[in-house]
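Commentary on secondary and tertiary structure
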Amino acid sequence: MSIGTEDIKDAGDIRDAGAHAGEEPGASAIGARAASDPAPGARAVSGPAVGGRAVSAPRALLRLLASEVGLTFRRPRNIAMLAVLALIPVLIGVALRAFAGSGDGDGGGPAIFTRITGNGLFLTFAALSLLVQLLLPVAVAVVGGDSIAGEAGIGTLRYLLAAPAGRTRLLAVKYANAVVFCLAAVSVIALSALIAGLVLFPAGPITLLSGGTIPLVDGLLRIGLVVLYVTAGMAALAAVALAFSTLTEVAVGAIASTVVLVIVAQVLGVIPQLSVLQPYLLTHWWGGFDAVLRDPVATGDMGQGLLVFAAYIVVFGSVAWARFTGKDISS
């Protein structure tokens, strides 16, 4: 089935209208739409054309994705989460700077944290090491868990399906939107930490955990690798949240289930008697980006982590697809 660009635009406008009015997305527009179109699921499908010109399916799909991304980054809740993620690296840097100034900055602690005062670039690695444990996964769970369940909860899901995008394509767009948010969240943390580290601490050649030294430019490139690796890990979590989101019409339930799963996995990962389970736990591989702080880069460890992330995406993506394509949409 082809995608009608005008229909996709209508579906996006349903939610955007409520957002611009300061209401829950789609709240007022749905009432107006229902009055003029009492049977949205039965309306005719228009062809993929605008102004008499044919519109390709990829272009229409990108337009739907742009609508989803725009809505995600306009929500005050999501903006607030990104602001908190950006603030924490600054607070970490200020605290470490204060301890360094008082002579207490040479104490024990994780290797990455103890090196921050000597080179500000380590603040990026330290901030990601800390935030990837819970706060960053919570932010991803909120967006991923709300993707389908949130639409069903406020009654806009069937209006989105009225556009001839198809359930599979709509689910793909929802997941792509969550991945974009993952990249944005990780990038915000990295950029905030990088700026704070360069302002508060000296910067120069980086002494790696393995003892070698690399130039500053190489260090920045390795930060880029870390951002991509952590984004891949969060994208795997987004697939989990998306699967939960297709199982309920209550967004809070999907979000809470995802967060609980993360916490349980982290608890299982620190029990020595259950060490056999660690290679299969998603959370076990989130901190694998410390491989870039070795010379040469431990690509084998990072490669295993990426394979685990891909496996989670395939498995939970399949669960989400199977549930969503066969689900009776009543709201």
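Residues numbered from 1 in each chain as written. Predicted model: local features only at pLDDT ≥ 70, side-chain atom pairs only at ≥ 80, totals over all residues. Heavy atoms only, no water.

1. Concerning the overall build of the protein chain
Selection rule: Counting from the N terminus, the helices are the DSSP runs of H or I reaching at least four residues and the strands are the DSSP runs of E reaching at least two. Under the scheme applied here, a residue whose accessible area is under 20% of the maximum for its type counts as buried, over 50% as exposed, and between as partly exposed, the area being computed with a 1.4 Å probe on protein chains only. Residues count as neighbours in contact if any of their non-hydrogen atoms are within 4.5 Å of one another. Residue-level accessible areas treat just the shown protein chains as cover; the underlying method is Shrake-Rupley with a 1.4 Å probe.
Summing up its helical and strand segments, the protein chain has 12 helices and 4 strands in all. Sorting the 331 residues of the protein chain into buried and exposed places 45% on the buried side. Within the protein chain, counting contacts between residues at least 6 apart in sequence, those at least 24 apart form 79% of the total. In the form shown here, the protein chain has an accessible surface area of approximately 14800 Å², with 68% of it arising from carbon and sulfur atoms.

2. A short note on the nonpolar core
Quick note on the threshold: We call a set of buried Ala, Val, Leu, Ile, Met, Phe, Trp, Tyr and Cys residues a nonpolar core when their side-chain atoms join them within 4.5 Å.
Of all hydrophobic cores here, the largest spans 78 residues; its most connected members are Phe 125, Leu 136, Val 230, Met 234 and Trp 286. Once you skip the residues sitting within four places of it in the chain, Phe 125 turns out to touch Ile 112, Ile 223, Val 226, Phe 289, Val 292 and Leu 293.

3. Observations regarding the packing of aromatic side chains
Put simply, the rule reads: To pair, rings of Phe, Tyr and Trp, with the six-membered ring standing in for Trp, must have centres within 6.5 Å; the planes then decide the type, stacked if under 30 degrees apart, edge-to-face if over 60, and tilted in the middle. Comment: the charge-over-ring label is applied if NZ (Lys) or CZ (Arg) is within 6 Å of the ring centre and within 35 degrees of the ring normal.
Applying the stated criterion across every chain, the model contains 4 aromatic pairs. Between Phe 73 and Phe 181, the aromatic rings sit 5.9 Å apart at their centres with planes inclined by 40 degrees, giving tilted as the arrangement. One end of the pair, Phe 73, is in helix α3 (residues 57–74); the other, Phe 181, is in helix α9 (residues 167–200), with 108 residues separating them in the sequence. Accessibility expressed as a relative area gives 27% for Phe 73, which makes it partly exposed. The residue whose ring lies beneath Arg 167 is Phe 324, and the NZ or CZ to ring-centre distance is 6.0 Å.

4. Observations regarding unusual backbone geometry
Asp 295 connects to Pro 296 through a cis peptide bond whose omega is 0 degrees. Locating Pro 296 in the fold gives a position in the loop between α11 (251–269) and α12 (299–325).

5. Some remarks on the packing of helix α7 (residues 135–153) against α9
Helix-helix packing is characterised by the crossing angle of the two axes and by the distance between the axes. Rules: Axis definition: a line fit to C-alpha positions, over the contact stretch in the case of helices; interaxial angles, taken between N-to-C directions, run 0 to 180 degrees. Put simply, angles under 35 degrees are roughly parallel, angles over 145 are roughly antiparallel, angles from 65 to 115 are roughly perpendicular, and the rest are oblique. Crossing chirality is assigned from the near helix's rotation relative to the far helix, an anticlockwise turn below a right angle marking it left-handed and a clockwise turn marking it right-handed. Residues are grouped as follows: Ala, Val, Leu, Ile, Met, Phe, Trp, Tyr, Cys and Pro are nonpolar; Asp, Glu, Lys and Arg are charged; all remaining types, including Gly, are polar.
Look at α7 against α9: their axes get within 10 Å of each other, and the N-to-C directions meet at 160 degrees. Put simply, α7 runs roughly antiparallel to α9. Crossing hand, α7 versus α9: right-handed. Contacts between α7 and α9 involve Leu 136, Ala 139, Val 140, Val 143, Ser 147, Ile 148 and Glu 151 on the former and, on the latter, Leu 171, Lys 174, Asn 177, Ala 178, Phe 181, Cys 182, Ala 185, Val 186 and Ile 189. Taken together, the residues of the contact of α7 with α9 break down into 12 nonpolar, 2 polar and 2 charged.

6. What about the environment of Ile 206?
Its location among the elements puts Ile 206 in strand β3 (residues 206–207). Separated by 87 residues in the primary sequence, Ile 206 and Leu 293 have C-alpha atoms spaced 9.1 Å apart.

7. Considering the confidence of the model for the protein chain
The condition that has to hold: pLDDT is a residue-level measure of predictor confidence that goes from 0 to 100.
Per-residue pLDDT for the protein chain has a mean of 82; in total, 78% of the residues score no lower than 70. Taken as a whole, residues 1–11 scores under 50 in pLDDT and shows 37 contacts with residues more than four places along the chain or in a different chain.

8. Some details on α3
Operational definition: Here a helix's expected span is defined as the number of its residues, less one, multiplied by 1.5 Å.
The first and last C-alpha atoms of α3 sit 26 Å apart over 18 residues, in line with the 26 Å expected at 1.5 Å per residue. The complete set of buried residues in α3 reads Ala 60, Leu 64, Leu 65, Ser 67, Glu 68, Val 69, Leu 71 and Thr 72.

9. Some points on the environment of Tyr 229
Considering the arrangement of structural elements, one finds Tyr 229 in helix α10 (residues 216–245). Along the chain, Tyr 229 and Trp 285 lie 56 residues apart, while their C-alpha atoms are 9.9 Å from each other. What Tyr 229 contacts, discounting residues up to four positions off in sequence, is Trp 285, Trp 286, Gly 288, Phe 289, Met 302, Gly 305, Leu 306 and Phe 309.

10. Digging into the pattern of salt bridges
Threshold: For salt bridges, the criterion is a side-chain nitrogen of Lys or Arg within 4 Å of an Asp or Glu carboxyl oxygen.
All told, the structure shown has 4 salt bridges when counted by the stated rule. Note that Arg 77 is salt-bridged to Asp 146, the shortest N-O span being 3.6 Å. Linking Arg 77 in helix α4 (residues 76–101) with Asp 146 in helix α7, this pair joins segments that are 69 residues apart in sequence. A relative accessible area of 36% places Arg 77 in the partly exposed class. Residue classification places Asp 146 among the buried residues on the basis of a relative accessible area of 13%.

11. Re a nonpolar patch on the surface
The condition that has to hold: Patches were defined on residues exceeding 30% relative accessible area and lacking a salt bridge, with like-charge contacts within 9 Å and nonpolar side-chain contacts (Val, Leu, Ile, Met, Phe, Trp, Tyr) within 5 Å.
A contiguous nonpolar patch, built from Leu 87, Val 90, Leu 91 and Val 94 and spanning about 320 Å² of accessible area, is present on the exposed surface. Following the sequence through the fold, Val 90 ends up in helix α4. Residue Val 90 is classed as partly exposed on the basis of its relative accessible area, which comes to 31%.

12. What about the packing of α10 against α11?
Running from amino to carboxyl end, α10 crosses α11 at an angle of 135 degrees, the nearest separation of the two axes being 8 Å. What the angle tells us is that α10 and α11 run oblique. For the pair α10 and α11, the sense of crossing is right-handed. Residues Leu 237, Val 240, Ala 241, Phe 244 and Ser 245 of α10 form the contact with α11, whose participating residues are Ala 254, Ser 257, Thr 258, Leu 261 and Val 262. The residue makeup of the contact of α10 with α11, split by class, is 7 nonpolar, 3 polar and no charged.

13. Details of the environment of Thr 231
Applicable threshold: Polar contacts, as counted here, are pairs of nitrogen or oxygen atoms within 3.5 Å of one another; within protein the pair requires one atom able to donate a hydrogen and one able to accept it, and residues that are adjacent in sequence qualify only if both atoms are side-chain atoms.
Here Thr 231 shows up in helix α10. Spatially, the C-alpha atoms of Thr 231 and Phe 181 are 9.3 Å apart, while their sequence positions differ by 50 residues. For Thr 231, the contacting residues outside a window of four places in its chain are Cys 182, Leu 183 and Val 186. At 2.7 Å, the side chain of Thr 231 and the backbone oxygen of Val 227 are in polar contact.

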